[in-house]
Amino acid sequence: MPDSPWTLLIHGGAGLLTRETLAPEQSAGARAALGRALDAGAAVLADGGDSIDAVEAAVRVLEDDPHFNAGRGAVLTFEGAISLDAAIMDGRDRRAGSVAGVTATRNPVSLARHVMTDTPHVMLSGTGADQFSRAQGLDQAGRDWLVTAERETQLTAMHADPAGWFDVAMKYGTVGAVACDAQGHVAAATSTGGVTGKRWGRIGDSPLIGAGTYADDRGCAVSATGSGEFFLRACAGHEIAARMRLIGEDIDTAARTVLADVTALGGTGGVIVAAPDGSASWHFTTPGMFRAGTSARGDRTVAIFGDEG
């Protein structure tokens, strides 16, 4: 067994998450899923495995759980279609893979990893990404698996509101994971269905390297969730890592500073961050964030609301 510390943080989205807005059964279901995802990623790290394998394993669990806006249970586009985005990045050499507008891959995070390992590219989108997924033999899923009745109801409600644009309540969100392994390498992965009723091929920050997903052993690994357009404009993931690498900010200061910038632009959300020394942190500007973390020290936290964990 390795002697160096390892760390794993995961999130399932940030938003208007309070004990008043989230039903007890939804809270319990989300906590259980976060625990399963934490177990999947921690099993890799505790066995001396790589951080890139750990973040993929954790995110796959969340993609399969309908409590979150990724994979099964993802929100629907304005036309009622599925359009999934995901990214993964390895801090050792900054290799990365991402996909946008995927319609039938059960686990988009694994498709993003195949883009990283099996193509000379970083990002594939739409029809081409779907074709690549089938060519790689990845599990495909139809509407009967991916679409839930709750998401159809949400879209219907949005259509009934002439002013409706985005899923402003953001009760369920993007999923992600960051990790530092026993060798001191960091990795990040993020997966999302985007926002309810998105139109015209809208893509948020999650699949864009340097915005919602970033990993660099010289700085840290970041996965973000929240108002994607604002995290894009802030280049949030890269900015956190750059502040740590170039001016020596600690992990908490860098994360808080960049989130303050996102807030100043008009956005809300949160980030999870892991550094090569095994330190890790999460910060959010919303009432709550689905989140969980564990490490080689044996600590374990699963939390949702702002006043816990």
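Model, not experiment: these values are computed from the prediction.

Caption draft 1: Representation of the side chain of R202 in the model. Summarising the element assignment, R202 is placed in the loop between β6 (186-192) and β7 (213-215). Among the residues examined, R202 registers a relative accessible area of 15% and is labelled buried. Of the polar contacts made by the side chain of R202, one reaches the side chain of E229; its length is 2.8 Å. Beyond its immediate chain neighbours, meaning those up to four positions away, R202 contacts G194, V195, G228 and E229.

Caption draft 2: Expanded view of the packing of aromatic side chains. Using the criterion set out here, one finds 1 aromatic pair in the structure. Where F68 meets F290, the ring centres are 5.5 Å apart and the plane angle is 90 degrees; that geometry is what we call edge-to-face. Taken as a pair, F68 in the loop between α2 (51-63) and β2 (84-90) and F290 in strand β11 (residues 288-295) lie far apart in primary sequence, 222 residues in all. Take F68: its relative accessible area is 0%, and that puts it in the buried class.

Caption draft 3: Here's a closer look at the nonpolar core. By size, the foremost hydrophobic cluster in this structure holds 50 residues, and its most contacted members are I10, F68, I88 and F290. Sequence-distant contacts of I10, that is, excluding residues within four places in its chain, are made with L34, A37, L38, A58, G176, A177, I272, F290, R291 and A292. Ranked by size, the runner-up nonpolar core spans 33 residues in total, among them L9, I240, L259 and V262.

Caption draft 4: Structural context of the sheet that holds β7. Pairing within the open sheet is antiparallel, and its 4 strands lie in the order β7-β8-β9-β10. Where the open sheet ends on each side, the last strands, each with one partner, are β7 and β10 (280-284). In this sheet, adjacent strand axes meet at a mean angle of 10 degrees when their direction is disregarded. Of the pairings in the sheet, the one linking strand β8 (residues 221-226) to strand β9 (residues 269-274) comprises 6 bridges and is antiparallel in character. Paired with V222 across the strands is V273, a residue of β9. Contacts from helix α8 (residues 236-246) reach β7, β8 and β9, with the element oriented near 25 degrees to β7. Its contacts with the sheet put helix α9 (residues 251-265) on β9 and β10, and the angle it makes with β10 is roughly 25 degrees.

Cut-offs used in this document
Residues numbered from 1 in each chain as written. Predicted model: local features only at pLDDT ≥ 70, side-chain atom pairs only at ≥ 80, totals over all residues. Heavy atoms only, no water. Helix = DSSP H or I, 4+ residues; strand = E, 2+ residues; numbered from the N terminus. Buried < 20%, exposed > 50% of the residue type's maximum accessible area, 1.4 Å probe, protein only. Polar contact = N/O pair within 3.5 Å; in protein donor to acceptor, adjacent residues only side chain to side chain. Contact = heavy atoms within 4.5 Å. Phe/Tyr/Trp six-rings, centres within 6.5 Å; stacked < 30°, edge-to-face > 60°. Core = buried A, V, L, I, M, F, W, Y, C linked by side-chain atoms within 4.5 Å. Pairing = 2+ DSSP bridges. Axes fitted to C-alpha atoms, helices over the stretch in contact; angles between N-to-C directions.

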